[in-house]
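Commentary on secondary and tertiary structure
Here is what each chain is made of, one letter per residue.
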Number of protein chains: 2
Amino acid sequence: MSESGYYSQALHGPYETEEIGDLVLEEGGTLRGCRLAYATYGRLNAARDNAILVPTWYSGTHKIIEQVLIGPGRALDPERYFILVVNQIGSGLSTSPSNTPAPAGGAYFPKVRIGDDVVAQHRLVTGKFGLERLALVVGGSMGAQQTYEWAVRYPEMVQRAAPIAGTARNTPHDFLFTETLVEAITSDPGFAKGFYASPEDVREGLLRHARIWAVMGWSTEFYQRERHRTLGFSSLDDFILNFMFAYFRVMDPNNLLCMAWKWQRGDVGRLAGGDLRAALGRIRARTCVMPMTSDMFFPPSDCQAEWRLIPDAAFHPIETVDGHLALFGADQAAIAQIDRHLKALLAAPPGG
Amino acid sequence: MSESGYYSQALHGPYETEEIGDLVLEEGGTLRGCRLAYATYGRLNAARDNAILVPTWYSGTHKIIEQVLIGPGRALDPERYFILVVNQIGSGLSTSPSNTPAPAGGAYFPKVRIGDDVVAQHRLVTGKFGLERLALVVGGSMGAQQTYEWAVRYPEMVQRAAPIAGTARNTPHDFLFTETLVEAITSDPGFAKGFYASPEDVREGLLRHARIWAVMGWSTEFYQRERHRTLGFSSLDDFILNFMFAYFRVMDPNNLLCMAWKWQRGDVGRLAGGDLRAALGRIRARTCVMPMTSDMFFPPSDCQAEWRLIPDAAFHPIETVDGHLALFGADQAAIAQIDRHLKALLAAPPGG
């Protein structure tokens with residue numbers, strides 16, 4: 001892993017990395033010596049029944065999860081639980097285009113699916129940590145996709161599941177949205193089919209990518225209420241440049257594209273021959289589905305339709321005007337709602 | 001006007017053009033010998049009190065208005081009303097970048113505002129047709145922006161107003177969305193700062209522009225219900241290519257950018273020193289505000305907030321999953337709702 005730059009211990013530490021062996025991918029490629037970067041909070045108890053797994057979202061790492069969801073007195077309380085946050089493949093901390101040597105890295109990096117992440121995490125969870133049960137799997141956005149994949153793929157292991165602002169099967173509309181993100185990057189001549197020297201060469205594409213995120217990530221009410229000013233930005237342009245673009249411009253474009261491809265194709269139905277109903281019917285976890293009310297691409301209606309197919313599930317929309325990016329934690333009231341629902345979920349008997 | 005190509009009588013006829021003189025624009029430019037292209041349906045009665053004005057939306061012309069809204073038995077019935085559909089400046093039929101000779105045309109075309117269109121239309125309506133009253137001004141999207149501008153700028157002339165799927169003051173969120181449309185086009189190296197030889201040179205940008213429209217123009221339910229298949233397209237890709245891209249690829253990029261710039265800055269508050277409440281308070285027209293329930297960039301909440309500021313207005317959201325692009329008329333039930341509300345509006349006494 002890099003010692004400096006964005007994907008570093010300096011910016012994201014402390015975290016550990018574990019090699020989980022060669023990972024043969026669903027699409028046919030192989031990640032040789034696949035490494036997962038993770039951070040842990042709290043201690044595993046003697047009964048080994050207090051483990052919580054948190055997979056990460058698009059462009060996010062364990063660091064934002066720690067800042068937004070973990071802490072004493074919170075649902076994810078390190079004094080009560082052993083919390084394991086695993087960075088997804090392509091995140092830049094785990095095996096990714098940006099840290100894989102030639103010829104397997106960069107633009108040559110193979111296609112990865114949500115299922116590949118979950119298989120890799122399963123090796124880590126069972127091999128490295130010897131866990132047989134997870135008290136909870138919880139994640140937002142692509143983390144929700146991984147949460148669903150966990151609950152369907154390993155129903156006997158997952159006692160509780162909390163997919164936040166994400167779906168079990170990606171919708172055509174969400175696929176199209178993500179395609180516009182991809183095109184914002186790949187259309188930049190500086191992208192050079194993935195063979196750029198530095199993210200700086202792709203700055204125009206990354207700025208367009210940031211602007212599309214600004215449209216779809218928040219909501220019309222967010223801007224109407226001037227939440228961007230509340231967050232400390234003097235104008236819309238200031239917000240776009242110094243928040244949205246500042247966030248993405250340091251990231252590796254091939255990493256973002258690896259995650260976007262994976263996001264577009266999230267679908268637990270693949271585990272049941274394409275039958276989403278059958279796949280979700282396998283879930284034994286007590287499940288709490290939490291969309292954001294103002295989410296423009298994982299809207300409540302899409303999450304609700306899936307919730308109906310899960311045997312033992314609650315549906316709790318999180319009231320917020322921050323849209324999908326309420327995940328960033330800028331709306332404390334939204335995070336408080338998530339915390340309350342997670343506490344109730346953890347207090348309830350396990351599913352199955 | 002061109003005799004062939006997209007902006008032609010062959011594709012859009014029959015229509016007339018009228019020169020309304022030099023138009024000095026709000027931003028300081030001048031359209032010399034400004035021409036408005038329009039189509040009329042029905043006849044002006046002896047009392048001259050049956051005129052309906054319909055301004056057009058982004059990329060649309062009088063032709064789509066005719067197809068979707070006008071006909072015997074409809075609210076806009078040519079047997080009862082004299083219906084005047086005026087193509088907006090930048091539409092490609094009225095004075096536009098694509099039909100203005102050098103050096104004033106193409107990339108050099110001056111910035112135009114919604115108010116400029118309405119002043120130009122006022123000249124046409126009063127000068128060419130000698131009208132003192134309009135029984136109704138009705139328009140969708142940018143047509144709604146012009147409708148609001150008419151009702152605020154000439155309150156004594158507009159007896160009824162029906163802004164559909166549009167706002168009186170554009171929102172920051174909508175501004176940002178439109179900016180992504182602009183960037184999709186201008187980022188294409190083939191755009192060459194506006195000095196392309198043909199729209200074909202900007203095909204990649206126009207395809208990205210079409211794809212962003214596909215995300216924001218319809219809705220997640222539209223795709224979930226596979227409405228794109230219902231409309232005769234075999235897949236998402238087929239729909240994007242043969243409907244969305246087919247629609248935009250023949251249009252002149254500078255024309256689209258002219259309209260987009262105008263759209264972004266629609267704001268009747270300018271007529272009252274920036275005070276939206278004061279501006280909308282001037283409206284004397286009996287008004288019927290009709291957002292589309294699933295509209296992602298002119299959502300009901302934004303339209304409702306403005307509706308509260310209008311003295312004599314009804315608020316009737318149009319139930320549809322077709323989002324903003326329900327304006328295309330593919331959802332017949334949505335158009336039937338609009339028709340019903342317009343009939344009620346026309347049957348009611350005039351405002352003022």
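Residues numbered from 1 in each chain as written. Chains lettered and ligands numbered in written order. Predicted model: local features only at pLDDT ≥ 70, side-chain atom pairs only at ≥ 80, totals over all residues. Heavy atoms only, no water.

If you look chain A up in an unreviewed UniProt entry, it shows as AB hydrolase-1 domain-containing protein from Roseicella frigidaeris.

**A look at the overall build of chain A**
Which entries qualify depends on this criterion: What counts as a helix is a DSSP run of H or I of at least four residues, what counts as a strand is a run of E of at least two, and both are numbered from the N terminus. Computation of the radius of gyration draws on C-alpha atoms, with the globule rule given as 2.2 Å multiplied by the number of residues to the power 0.38. In this scheme, a residue with accessible area under 20% of its type's maximum is buried, one over 50% is exposed, and one in between is partly exposed, where area comes from a 1.4 Å probe on protein chains only. The contact definition used throughout considers only heavy atoms, calling two residues in contact when any of these lie within 4.5 Å. Surface exposure here means Shrake-Rupley accessible area, sampled with a 1.4 Å probe, where a residue is shielded only by the protein chains that are shown. Positive residues here are Lys and Arg, negative ones are Asp and Glu, while His and the chain termini are left out of the count. We put the charge of a Lys on NZ, of an Arg on CZ, of an Asp on CG and of a Glu on CD.
Regarding its fold elements, chain A presents 13 helices and ten strands. Relative to the globule expectation of 20 Å for 352 residues, the C-alpha radius of gyration of chain A, 19 Å, shows essentially globular dimensions. With the principal axes as the frame, chain A shows a C-alpha extent of 55 × 50 × 40 Å. Across the 352 residues of chain A, 63% fall into the buried class. Of all intrachain contacts in chain A linking residues separated by at least 6 positions in sequence, the fraction that spans at least 24 positions is 74%. Split by element, the accessible area of chain A, about 12,500 Å² in all, is 50% carbon and sulfur. Seen as two clouds, the 33 positive and the 38 negative side-chain charges of chain A have centres 4 Å apart.

**Side note on the packing of aromatic side chains**
All names here are of chain A. The cut-off we apply is this: Between the rings of Phe, Tyr and Trp (Trp by its six-membered ring), a pair exists once the centres lie within 6.5 Å; its type follows the angle of the planes, with under 30 degrees stacked, over 60 edge-to-face, and the other angles tilted.
Tallied over the entire structure, the rule returns 62 aromatic pairs over all chains. Residues Phe297 and Phe298 carry aromatic rings whose centres are separated by 5.5 Å and whose planes lie at 50° to one another, so their mutual orientation is tilted. Like Phe298, Phe297 is buried.

**Some points on the relation of the copies chain A and chain B**
Rules: When the copies are overlaid, the least-squares fit takes in C-alpha atoms only where the residue has pLDDT of at least 70 in both copies.
For the pair chain A and chain B, the relating rotation is 180°, the translation along its axis is 0.0 Å, and the fit reaches an RMSD of 0.0 Å. A rotation of that kind, with that shift, is consistent with a two-fold axis. The residues that chain A uses at the interface reappear at the interface of chain B in 100% of cases, marking a shared surface.

**Re the pairing of strand S7 (residues 136–140) of chain B**
All names here are of chain B. Heads up, the rule is: Two strands are counted as paired when DSSP detects at least two bridges linking them.
Most of S7 is tucked away: five of the five residues are buried. Residue alternation in S7 divides its side chains into two sets, Leu136, Val138 and Gly140 and Val137 and Gly139, and both sets are buried. Alignment of strand S5 (residues 51–55) against S7, held across two bridges, turns out to be parallel. Following the sheet pairing, Leu53 is matched in S7 by Val137. Here four bridges tie S7 to strand S8 (residues 160–164), and the two strands are oriented parallel to one another.

**Comments concerning the nonpolar core**
As a reminder of what qualifies: As used here, the term nonpolar core means buried Ala, Val, Leu, Ile, Met, Phe, Trp, Tyr and Cys residues forming a set that is joined through side-chain atoms within 4.5 Å.
A:Leu76 and B:Leu76 are the most contacted members of the largest nonpolar core, which totals 155 residues. Setting aside residues up to four positions removed in sequence, B:Leu76 forms contacts with B:Ile52, B:Val54, B:Leu69, B:Ile70, B:Gly71, B:Ile83, B:Leu136, B:Val138 and B:Leu342.

**What to know about the sheet that holds strand S1 (residues 16–19) of chain A**
Residues and elements named next belong to chain A. The condition is simple: Fitting a line to C-alpha atoms yields each axis, with helices limited to the stretch in contact; the angle taken between N-to-C directions then spans 0 to 180 degrees.
Within the open sheet, the eight strands sit side by side as S1-S4-S6-S5-S7-S8-S9-S10. Their pairing is mixed. Strands at the two margins of the open sheet, each flanked by one partner only, are S1 and strand S10 (313–315). Strand-to-strand twist in this sheet, taken as the mean axis angle between neighbours without regard to direction, amounts to 20°. With three bridges joining them, strand S9 (residues 286–289) and S10 adopt parallel strand pairing. Across the sheet, residue Cys288 finds its bridge partner in S10, namely Ala314.

**Observations concerning the interface of chain A and chain B**
To keep it simple, the criterion reads: Buried area is calculated as the accessible area (1.4 Å probe) missing from two parts once they are joined, with the contributions of both summed. Here a salt bridge means any side-chain nitrogen of Lys or Arg lying within 4 Å of a carboxyl oxygen belonging to Asp or Glu. Polar contact is defined as a pair of N or O atoms within 3.5 Å, subject to the rule that within protein one atom must be able to donate a hydrogen and the other to accept it, and that residues adjacent in sequence are counted only when both atoms are side-chain atoms. Residues were grouped as follows: Ala, Val, Leu, Ile, Met, Phe, Trp, Tyr, Cys and Pro as nonpolar; Asp, Glu, Lys and Arg as charged; and all remaining residues, including Gly, as polar.
Across the contact, 27 residues belong to chain A and 27 residues belong to chain B. Across the chain A/chain B interface, buried area totals approximately 2,500 Å², and carbon plus sulfur atoms make up 71% of it. A per-residue breakdown of the area chain A buries against chain B is headed by A:His173, A:Leu176 and A:Val215, which together make up 24% of the total. Counting across the chain A and chain B interface gives two salt bridges. Here chain A is connected to chain B by ten residue pairs in polar contact (both at pLDDT 80 or more). Residue assignment for the side of chain A that touches chain B shows that the elements contributing at least two residues are helix H5 (172–186), helix H6 (203–217), helix H7 (220–224), helix H9 (236–248) and helix H12 (300–307) of chain A. Considered class by class, the residues forming the side of chain A that touches chain B number 13 nonpolar, eight polar and six charged.

**Thoughts on the state of the cysteines**
All names here are of chain B. Heads up, the rule is: Two cysteine sulfurs form a disulfide in these notes if their separation is within 2.5 Å.
Going through the model one piece at a time under the given rule, you end up with zero disulfides over all chains. Here Cys258 is not cross-linked by a disulfide; its sulfur's nearest cysteine counterpart is in Cys34, at 11 Å. Look at Cys258 and you get buried, because its relative accessible area is 10%. Between Cys288, a free cysteine, and Cys303, which holds the nearest cysteine sulfur, the sulfur-to-sulfur gap is 12 Å.

**Section: the pattern of salt bridges**
When charged atoms on two side chains of opposite charge get close, those side chains can pair. Residues and elements named next belong to chain A. As enumerated under the stated definition, the model contains 26 salt bridges over all chains in all. Note that Lys128 is salt-bridged to Glu18, the shortest N-O span being 3.6 Å. Here the residue Lys128 occupies a position in helix H3 (residues 114–128), and Glu18 occupies one in strand S1, the gap between them amounting to 110 residues. Look at Lys128 and you get partly exposed, because its relative accessible area is 40%. Among the charged side chains, a network of salt bridges with common partners joins Glu26, Glu149, Arg153 and Arg270.

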